[in-house]
Structures are given as C-alpha cells and as structure tokens.
Amino acid sequence: MNSQHTIVYVMRHIDIGENVDIPYKKIGITGSGDATLTNRLRQISNTKSPIQAQCIIAWEHSDARVIENALHQVLEDSRVLGEWFLDKNDTLVERLSPIMALLGAKKLTINDENDSYTKSILNQENKSNVSFNQKLLGEISELLEKPLRSSLRLAGPTVFGDKSKLTFYIDSRKSGNHKLYIGRSKKVFEQLKVFLEEKGFDCEHSTNEEEAVIYGLSTLQISEVINHAESEFKV
C-alpha cells in the first residue's frame, strides 16, 4: 500500500482555441487531498497555451498505484504515450466508473471546478461549444426533409421527432465525427437496430443501455438517420 498516493484521476485536454477535439485522457495518481488535483492541473497545463487540462473525475483508494497500473494494462491497446490513452468515442469515464465502484474506490467531489483557473477554461470552452453547436444545428435543420422542433445543449443540438416519437441527441465533435444518441428508444431498440442497419448505420446500446447510439457520424449522416426515422420507422 502506498500512503503517499491515494487518488486516481482522469484528465482531459481542452483546446480553448476552438479548433480541434483532443481525444486523449490521462489516467494518473496523486497524493491525498483535493488541493493536489489543482496542483497537478497547473503542472500539466501551460498557462500561455491554448491547450489546457481539466480533471473530469477522481476516486480515492488506499491502493491507488496498484489500481493505476491495472487500468494502464487493461487499456494498453489504447495507450498513446505514457499515461495518455485514446478515448475516441469519449466513453472512458463511463467504462471505468463501474470498475472503480466494484473495487471500492470512493468517487471524489472535484472542488477545484470553482477556482479561477478552471472557471476560465470551462467558460471559454462553453462559449466555443455554443457557437459551434448553433452552426451545427443550422446545418442539420437545412438537411431535414421537414421542420422539427429542436433545442441546444452544451453537448450539442437536440432534435425531437414528431412522427417517430424519438429524440435525437447530437454529441458534437469539432472533428465532424459526431455521436448520435437516440432517446426514447429503449423499448424499440431491436426494431430500431434492424431498421438502421438496413439503412447502413451501425446502432449500439449506449453504456447505460437506456438509448441507442451511433458513433462517427457526419452532419449529412445525422440528417439521413433522422429523415429515415421520421419517414419510414414503424414499430
């Protein structure tokens, strides 16, 4: 047991210059106490760089180093360099959470989200996301065969299907490879999966199995999925 390291954390990099998605996550360990997470952020980030770091989740466990090593081995195929791993579909936290719960790790409240450093980063990212998502929603709306109700979230636009009774949540990516979650689909998942596969789209259960999800869609493909569902999908 290593008494000096009791926190396992996951960090991400953010491009506050608004140009790219960074699909990498860092799995590391640090000492006890929330203040050490803030210190690690400042060590990893260069304050004069448009690339900044944010801790997105952390757990406390007496065997933090053992757990870190085990996670690194499990994710070896996704390792990019050192403690950084490719998280192409942005699902790493969802995949790790049940494992950490099983190991008895205690999820920590990340208090440093209220410090000036992190607030500044997140505010800049939010402004970037709002602008990007407004443009994305406009592009999707122009490609739809009929007008549909919609709204904007920080994660991306939402489109509400009138005929299909499905809700389409776009998890937007600046790379153009978006994720599409299809809400209200749990009871019709099998029918929807077969229907979308016939149209050339691979549909999967989301991590919590409450909705369907399709990865790596362009703006045009998202509009195609919605158009197909609205015009042809029948339960």
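Preceding block: the structure.
Predicted model, so just to flag it, every value in this text is computed and none were measured.

Visitor: Got a minute to help me understand the overall build of the chain in this structure?
Guide: Counting secondary structure elements, the chain contains six helices and twelve strands. In the chain, which comprises 235 residues, the share counted as buried stands at 44%. Sequence-distant contacts in the chain: of pairs separated by 6 or more residues, those separated by 24 or more amount to 63%.

Visitor: Sorry, what's going on with helix H3 (residues 92-102) here?
Guide: An α-helical turn contains 3.6 residues, so a residue and the one three or four places further along point in the same direction. Every buried residue of H3 is accounted for by Leu-92, Leu-96 and Met-100. Angularly, the buried residues of H3 cover 45 degrees about the axis, an arc narrow enough to put them on a single face. For H3, exposure combined with an orientation more than 90 degrees from the buried face picks out Pro-98, Ala-101 and Leu-102. Just downstream of H3 lies Gly-104, where phi reads positive at about 80 degrees.

Visitor: I would appreciate a short explanation of the pairing of strand S1 (residues 7-15) in the present structure.
Guide: On a regular strand, one side chain projects to one face of the sheet and the next to the other, so that they alternate. Here S1 lies mainly inside the structure; seven of its nine residues are buried. Both S1 and strand S2 (residues 24-30) contribute to a ladder of six bridges, which runs antiparallel. By the bridge assignment for S2, Arg-12 is matched with Lys-25. Both S1 and strand S3 (residues 51-60) contribute to a ladder of nine bridges, which runs antiparallel. Paired with Met-11 across the two strands is Cys-55, which belongs to S3.

Visitor: Help me out: how do you make sense of the side chain of Ser-223 in this one?
Guide: Turning to its location among the elements, Ser-223 is positioned in helix H6 (residues 219-232). By relative accessible area, Ser-223 is classed as buried at 1%. Ser-223 has contacts with Ile-140, Leu-143 and Leu-144, leaving out every residue within four places of it along the chain.

Visitor: How do you make sense of the pattern of salt bridges when you look at a structure like this?
Guide: If the charged atoms of two oppositely charged side chains come close together, the side chains can form a pair. Summed over the entire model, instances satisfying the criterion amount to 13 salt bridges. Close ionic contact of Asp-90 with Lys-25 constitutes a salt bridge, the shortest N to O distance being 3.0 Å. Taken together, the residues Asp-90 in the loop between strand S5 (84-86) and H3 and Lys-25 in strand S2 connect sequence positions 65 residues apart. On the basis of relative accessible area, Asp-90 is assigned to the partly exposed category, the value being 33%. Taking the shortest distance from any N to any O, the salt bridge between Glu-76 and Arg-79 comes out at 2.9 Å. You can call Arg-79 partly exposed: its relative accessible area is 30%. Among the charged side chains, a network of salt bridges with common partners joins Lys-25, Asp-87, Asp-90, Arg-95, Asp-171, Arg-173 and Lys-179.

Visitor: How should I be thinking about the sheet that holds S1 in this particular structure?
Guide: Note: strands within a sheet are paired through backbone hydrogen bonds, in either parallel or antiparallel orientation. With antiparallel pairing, six strands are arranged side by side in an open sheet as S4-S5-S2-S1-S3-S6. Edge positions in the sheet fall to strand S4 (79-81) and strand S6 (106-107), since each has one partner strand and no second. Relative to S6, S3 is paired through two bridges, and the arrangement is antiparallel. Across the sheet, the residue bridging to Trp-59 is Lys-107, located in S6. Most of the contacts of helix H2 (residues 64-74) go to S2, to which it runs at about 155 degrees, and overall it touches S1, S2, S4 and S5.

Visitor: Would you mind going over the pairing of strand S9 (residues 167-171) with me for this structure?
Guide: Among the five residues in S9, four count as buried, and that is most of the element. Pairing analysis gives three bridges linking strand S8 (residues 156-160) to S9, with the strands arranged antiparallel. Bridging across to S9, Val-159 finds its partner in Phe-168. Between the end of S8 and the start of S9, which pair antiparallel, lie six residues, with Lys-165 showing a positive phi angle near 65 degrees. Where S9 hands over to strand S10 (residues 178-183), the hairpin turn is made up of six residues, of which Gly-176 adopts a positive phi near 95 degrees.

Reading guide: rules and limits
- Every chain is numbered on its own, with residues counted from 1 as its sequence reads.
- It should be noted that, the model being predicted, local features are given only for residues of pLDDT at least 70 and side-chain atom pairs only at 80 or more, the latter also being counted only at that level, while totals for whole chains, interfaces and linings use all residues.
- Here the side-chain values reflect all heavy atoms present in the structure, with hydrogen atoms and water set aside.
- Under the DSSP-based scheme used, a helix requires at least four consecutive residues in state H or I and a strand at least two consecutive residues in state E, with every element numbered from the N terminus.
- Three labels apply to residues, based on accessible area from a 1.4 Å probe with only protein chains included: buried if under 20% of the type maximum, exposed if over 50%, partly exposed otherwise in between.
- Contacts between residues were defined by any pair of non-hydrogen atoms, one from each residue, lying within 4.5 Å.
- This arc corresponds to the set of directions leading from the helix axis out to the C-beta atoms.
- When DSSP finds two or more bridges between two strands, those strands count as paired.
- A pair is scored as a salt bridge if a Lys or Arg side-chain nitrogen falls within 4 Å of a carboxyl oxygen belonging to Asp or Glu.
- Each axis is a line fitted through C-alpha atoms, taken for helices only over the stretch in contact, and angles between the N-to-C directions span 0 to 180 degrees.

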